[in-house]
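# Understanding the architecture of this molecule
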Amino acid sequence: MITVLLVDDEPLVRAGVAMLLTKETDIEIVAEADNGLEAIDLTRRHRPDIVLMDLNMSDMDGATATRELTGAGLFPDDPYRPRVLVLTTFLQNEKVDEALRAGASGYLVKHGLRNGSAEHLAAGIRELAAGGHYLHPAITGGVIAAATAAPPDPARRAPSVLDRLTSREREILKNMAFGYENGEIAARLFLSQATVRTHVSRIIMKLGVHGRTQAVVTAYQNRLVAPGPPD
């Protein structure tokens, strides 16, 4: 059973999300919060697998709460960390980037849920619970386009950023940027999946990013790859 903490300052939104997930037999909402401070308290008490996090809230906004939940401060001697899936009305690239930089592992837009089913919500929760990352399809292209068109970022565009990677790690990062999962990368490069997972973890650590999605954005920002199919 995947346990979920639902954080949103609108009771109707929380009720709607809860209703969408009622048919998912492997997902359980264990608590609800209406601001970031309460989310931190309930995370300590319930230790959910996933935190569904709104961004625009009083007392403590979602990005700040996400940074607190995914950092080492709350659980300094404990490896437990919740995975944060942002669920918000904002589709602007800067909001997506803000959430990802804060440590979120996924990003979903509320209007997509209202116009459709729980498919993306349940898929995102399951993907994060399995250790992956999830961006709603409507967001992914915008993140890549914004990263490619963005002006140089000294912190990310410095020559040393990608120089930290070995040639094999750069090759794997390219495949990640083109959307290949670990199993596909392993097959393409004639490696074991365990070896690929190890390389991915090292890439994320060396780049100083929070996860796979940010590593891919870094690859585009530093022109390691360009949008389009692989060569």
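Residues numbered from 1 in each chain as written. Predicted model: local features only at pLDDT ≥ 70, side-chain atom pairs only at ≥ 80, totals over all residues. Heavy atoms only, no water.

For the chain, an unreviewed UniProt entry supplies the name DNA-binding response regulator and the organism Paractinoplanes deccanensis.

## Notes on the overall build of the chain
Operational definition: What counts as a helix is a DSSP run of H or I of at least four residues, what counts as a strand is a run of E of at least two, and both are numbered from the N terminus. Note on classification: 1.4 Å probe, protein chains only; a residue is buried when its accessible area is under 20% of the maximum for its type, exposed when over 50%, partly exposed between these limits. Throughout, a contact is declared for two residues whenever any of their heavy atoms are within 4.5 Å. Surface accessibility in these figures is a Shrake-Rupley result with a 1.4 Å probe; residues are shielded only by whichever protein chains are displayed.
Tallying secondary structure elements over the chain gives 13 helices and six strands in all. Looking at the chain as a whole, 47% of its 231 residues are labelled buried. A sequence separation of at least 24 residues applies to 65% of the contacts in the chain between residues at least 6 apart. Split by element, the accessible area of the chain, about 11,200 Å² in all, is 53% carbon and sulfur.

## Thoughts on the pairing of strand 1 (residues 2-7)
Regular strands place their side chains on alternate faces of the sheet. Our working rule: In this scheme, strands are said to pair when DSSP sees at least two bridges between them. A crossover counts as right-handed when, viewed with the strands pointing away from the observer, the path leading from the first strand over the helix to the second turns clockwise.
Across the six residues that make up strand 1, a large majority, six, are buried. Pairing geometry for strand 1 and strand 2 (residues 27-33), over six bridges, is parallel. In the strand pairing of strand 2, Leu6 is matched with Glu32. Once the chain exits strand 1 it traverses helix 1 (residues 11-20) before rejoining the sheet at strand 2, and the crossover so formed is right-handed. Examined bridge by bridge, strand 1 and strand 3 (residues 50-53) share four bridges and lie parallel to one another. Across the sheet, Val4 pairs through a bridge with Ile50, a residue of strand 3.

## What about the packing of helix 10 (residues 167-177) against helix 11 (residues 182-189)?
As a reminder, the rule being used: Think of each axis as a best-fit line through the C-alpha atoms, taken over the contacting stretch in the case of a helix, with angles from 0 to 180 degrees between the N-to-C directions. Under this scheme an angle from 65 to 115 degrees is roughly perpendicular, one under 35 degrees roughly parallel, and one over 145 degrees roughly antiparallel; angles in between are oblique. With the far helix as reference, a near helix turned anticlockwise by less than a right angle produces a left-handed crossing, and one turned clockwise produces a right-handed crossing.
With their axes 10 Å apart at the nearest point, helix 10 and helix 11 run at an angle of 125° to one another. The angle between helix 10 and helix 11 places the two elements in the oblique class. Between helix 10 and helix 11 lies a crossing whose hand is right-handed. Together, Arg168, Glu171, Ile172, Asn175 and Met176 of helix 10 and Ile185, Arg188 and Leu189 of helix 11 make up the contact between the two elements.

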